[in-house]
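# Architecture at a glance
Now for the letters of each chain:
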Amino acid sequence: MSDDSAQQPEERTPGHIAHNARVWNYWLGGKDHYEVDERVGDMVTSMYPSIGEVARADRDFLGRVVGFLAGEAGIRQFLDIGTGLPTVNNTHEVAQRIAPDARIVYVDNDPIVLTHARALLTSSSEGATSYVDADARDPRAIIEAASGTLDFAQPVAVMLLGILNFVLDTEEATSIVRRLVEALPPGSYVVLTHPTLELGGEGNEAAMKFWNENATPPITARTGAEVAAFLDGLDIIEPGLVSCARWRTAGPEEGPQVAQFGVVARKP
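Because the structure is a prediction, the values reported are computed rather than measured.

The rules behind each value
- Counting from 1, residues in each chain are numbered in the order their sequence is written.
- Reporting in this predicted model follows two pLDDT cut-offs: at least 70 for local features of residues, and 80 or more for side-chain atom pairs to be given and counted; totals over whole chains, interfaces and linings ignore these cut-offs and use all residues.
- Based on all heavy atoms of the structure, the side-chain values leave hydrogens and waters out of the count.
- Runs of H or I in DSSP of at least four residues are treated as helices and runs of E of at least two as strands, each being numbered from the N terminus.
- With the radius of gyration taken over C-alpha atoms, the globule rule is written as 2.2 Å times the number of residues to the power 0.38.
- For every residue, the accessible area (1.4 Å probe, protein chains only) is compared with the maximum for its type, and the residue is labelled buried under 20%, exposed over 50%, or partly exposed between those bounds.
- Throughout, a residue-residue contact means that at least one pair of heavy atoms, one from each residue, lies within 4.5 Å.
- All accessible-area figures derive from a Shrake-Rupley calculation using a 1.4 Å probe, and residue coverage is judged against the displayed protein chains alone.
- Think of a salt bridge as a Lys or Arg side-chain nitrogen and an Asp or Glu carboxyl oxygen that are within 4 Å of each other.
- Throughout, the arc means that of the directions going from the helix axis to the C-beta atoms.
- You can read pLDDT as the predictor saying how much it trusts each residue, on a scale of 0 to 100.
- Note on pairing: two strands pair once DSSP finds at least 2 bridges between them.
- Seen with its strands pointing away from the viewer, a crossover is right-handed if its path from the first strand over the helix to the second goes clockwise.
- Axes here refer to lines fitted to C-alpha atoms; in helices the fit is confined to the stretch in contact. Angles between the N-to-C directions go from 0 to 180 degrees.
- Throughout, the term roughly parallel applies to angles under 35 degrees, roughly antiparallel to angles over 145, roughly perpendicular to angles from 65 to 115, and oblique to all others.
- A clockwise turn of the near helix away from the far one marks a right-handed crossing, whereas an anticlockwise turn of less than a right angle marks a left-handed crossing.
- Asp, Glu, Lys and Arg are counted as charged, while Ala, Val, Leu, Ile, Met, Phe, Trp, Tyr, Cys and Pro are counted as nonpolar; the rest, among them Gly, fall into the polar class.

### Let's talk about the overall build of the chain
The secondary structure content of the chain amounts to eleven helices and ten strands. For 268 residues, the compact-globule estimate of 2.2 N^0.38 gives 18 Å, and the chain sits close to it at 18 Å. The dimensions of the chain, computed from C-alpha atoms along their principal axes, are 50 × 45 × 35 Å. Relative to its 268 residues, the chain shows a buried fraction of 51%. Considering only contacts in the chain between residues 6 or more positions apart, those separated by 24 or more positions represent 74%. Accessible area for the chain stands at about 11,800 Å²; split by element, carbon and sulfur atoms hold 49% of it.

### Considerations on the pattern of salt bridges
Tallied over the entire structure, the rule returns eight salt bridges. Here Asp 101 ties to Arg 76 by a salt bridge, and the two come within 3.4 Å at their closest N and O atoms. Of the two residues, Asp 101 sits in the loop between helix H5 (91-98) and strand E3 (103-108) while Arg 76 sits in the loop between helix H4 (51-70) and strand E2 (77-81), which places them 25 residues apart along the sequence. Classification of Asp 101 by relative accessible area gives partly exposed; the value is 39%. What emerges from the salt-bridge pattern is a single network uniting Asp 135, Arg 137 and Glu 172.

### A closer look at helix H8 (residues 139-146)
Along H8, the residues classified as buried are Pro 139, Ile 142, Ile 143 and Ala 146. One side of H8 holds all its buried residues, which, seen down the axis, span an arc of 95°. With respect to the buried face of H8, the exposed residues turned more than 90 degrees away are Arg 140 and Glu 144. The inward-facing, buried residues of H8 abut E2, E3, strand E4 (128-133) and helix H9 (170-182).

### Examining the confidence of the model for the chain
Interpretation of the predicted coordinates at a detailed level should be avoided for regions scoring low in pLDDT. Of the residues in the chain, 93% reach a pLDDT of 70 or more, and the chain-wide mean stands at 91. Across residues 1-13, confidence stays below pLDDT 50; counting only partners more than four residues off in sequence or on other chains, it has 17 contacts.

### Regarding H5
Three or more residues of H5 are buried, namely Thr 91, His 92, Val 94, Ala 95 and Gln 96. Close packing links the buried residues of H5 with H4, E2, E3, helix H7 (117-120) and E4.

### Section: the pairing of E2
With five of five residues buried, E2 is to be regarded as a mostly interior element. Bridge count between E2 and E3: five bridges; the pairing is parallel. When the bridges of E3 are listed, Leu 79 appears paired with Val 105. Crossover E2 to E3 through H5 is right-handed. Summarising the sheet, E2 and strand E5 (residues 157-161) pair through three bridges and their orientation is parallel. Looking across to E5, one finds that Asp 80 is bridged to Met 159.

### Notes on the packing of helix H3 (residues 35-47) against helix H10 (residues 204-214)
It is at 9 Å that the axes of H3 and H10 come closest, and there the two elements cross at 160°. On the basis of their axis angle, the class for H3 and H10 is roughly antiparallel. Handedness of the crossing formed by H3 with H10: right-handed. Across the interface between the two elements, Val 40, Met 43, Val 44 and Met 47 from H3 touch Ala 206, Ala 207, Phe 210, Trp 211 and Asn 214 from H10. Looking at the contact of H3 with H10, its residues break down into eight nonpolar, one polar and no charged.

Put into structure tokens, the structure is as follows:
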């Protein structure tokens, strides 16, 4: 990536509008955000105090799921769509600690993420990691570009963490998942997280309205039934569709749930 290409995203992304990737980074305790992201993030937190817990639970869910997939499930290929800004325990780091030969493709069309792509483009010598600049709404382009790194004749885990909530039309979101699944061989997995007004998340409605009026991109919540419908025809892995904070936690007791669904499904 040339110096000129590294500068282009800053030109495309003004710092006076709060952006999800940066605000999420702020909630996770990162440093890649502007003052406007802090202001909006703090306002959302004042309206919905558990949003920071949601962000952390979603990140912890990623670690547990990738650990399960690379370990127990034996998956060696990951397609992470809607990557977001790099933090700790990114998909390639978790997967390659368990399976050094794992191959990971990150996908995002966010210019902010593109500027940080170098941080994601690290890999064990046995495996591979690459980055695709593409829109989640174009599964065909994603599969075509990812085919340079992944073998779609072998099982692939598609990660869709906190991305379908930015596709406001449910039919379109469902179509995206189904087109991705069609490109996958049997034995592949689909992983989702999605915000909801269920699971104690009713108080998030006003915060989401504030977000949509003051930040980008706009977001929507969905019911458990709507999220489950994304995965029709797939085998849902235990414990099913649950708060992402309660998906295969290691402790003897379940921790507090957050209003963010998490689910893993396998293509039969």
